[in-house]
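Chain and residue survey
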Amino acid sequence: MQILIVEDDIQTANYLIKGLTEEGHNVSHESQGNIGLFMALENHYDIIIMDRMLPKLDGLSIIKTIRAAENQTPIII
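Residues numbered from 1 in each chain as written. Predicted model: local features only at pLDDT ≥ 70, side-chain atom pairs only at ≥ 80, totals over all residues. Heavy atoms only, no water.

**Some details on the pairing of strand β3 (residues 47-50)**
In plain terms, the rule: Only protein chains enter the accessibility calculation, which uses a 1.4 Å probe; a residue is then buried when its area is under 20% of its type maximum, exposed when over 50%, and partly exposed in between. The secondary structure listing takes helices from DSSP runs of H or I that are at least 4 residues long and strands from runs of E that are at least 2 residues long, numbered from the N terminus. Here, any two strands with at least 2 DSSP bridges between them count as paired. Throughout, right-handed denotes a crossover for which the path from the first strand over the helix to the second runs clockwise when the strands point away from the viewer.
Burial along β3 is two-sided: the face carrying I47 and I49 and the face carrying I48 and M50 are both buried. Relative to strand β4 (residues 75-76), β3 runs parallel, the two being bridged by 2 bridges. Pairing of I49 across the sheet is with I76, part of β4. With helix α3 (residues 59-68) bridging β3 and the parallel β4, this β-α-β connection has right-handed handedness.

Given below as structure tokens:
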């Protein structure tokens, strides 16, 4: 499974990355909202894990933009 994590807290991100990769998933991570949005729109992910409070662009704005682009990837906030 291809997973994108958009999370600026490095400790939380590392915890998620470690657990998900140990389960055999391919995980991409970004800490800045604007780059996370770019990654979500330009690549295929099976699921996105999104923080709400991010530098550069907040998580809810990212989700609105993803949905406006008709991208229906499931998102966990």
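**Quick word on the sheet that holds β4**
The line we're drawing: The contact definition used throughout considers only heavy atoms, calling two residues in contact when any of these lie within 4.5 Å. Here an axis means a line fitted to C-alpha atoms, over the contact stretch when the element is a helix, while the angle between two N-to-C directions is reported on a 0 to 180 degree scale.
Taking strand neighbours across the sheet as the criterion, the 4 strands line up as β2-β1-β3-β4 in an open arrangement whose pairing is parallel. Looking at strand neighbours, the two that pair on one side only are β2 (26-30) and β4, the edges of this open sheet. Bridge count between strand β1 (residues 2-6) and β2: 5 bridges; the pairing is parallel. Residue pairing across strands places L4 opposite S28, the latter belonging to β2. Running over the sheet, α3 touches β3 and β4 and is turned about 155° from β3.

**Focus on the environment of T65**
Considering the arrangement of structural elements, one finds T65 in helix α3. Sequence separation between T65 and L37 is 28 residues, and the spatial gap between their C-alpha atoms is 8.0 Å. Not counting the four nearest positions on each side in its chain, T65 is found in contact with L37 and L41.

**What to know about α3**
Here is the rule: As used here, the arc is the angular range of directions from the helix axis to the C-beta atoms. The definition of a polar contact used here is a pair of N or O atoms within 3.5 Å, where within protein one atom must be able to donate a hydrogen and the other to accept one, and adjacent residues in sequence count solely through side-chain atom pairs.
Turning to α3, its buried residues number three or more, namely G59, I62, I63 and I66. Down the axis of α3, the sector holding all buried residues measures 100°, keeping them to one side. More than 90 degrees from the buried face of α3, the exposed residues found are K64 and A68. In this fold, the buried residues of α3 make contact with α2 (33-42), β3 and β4. Where α3 begins, the capping side chain belongs to D58, and its oxygen is found 3.1 Å from the backbone nitrogen of L60.

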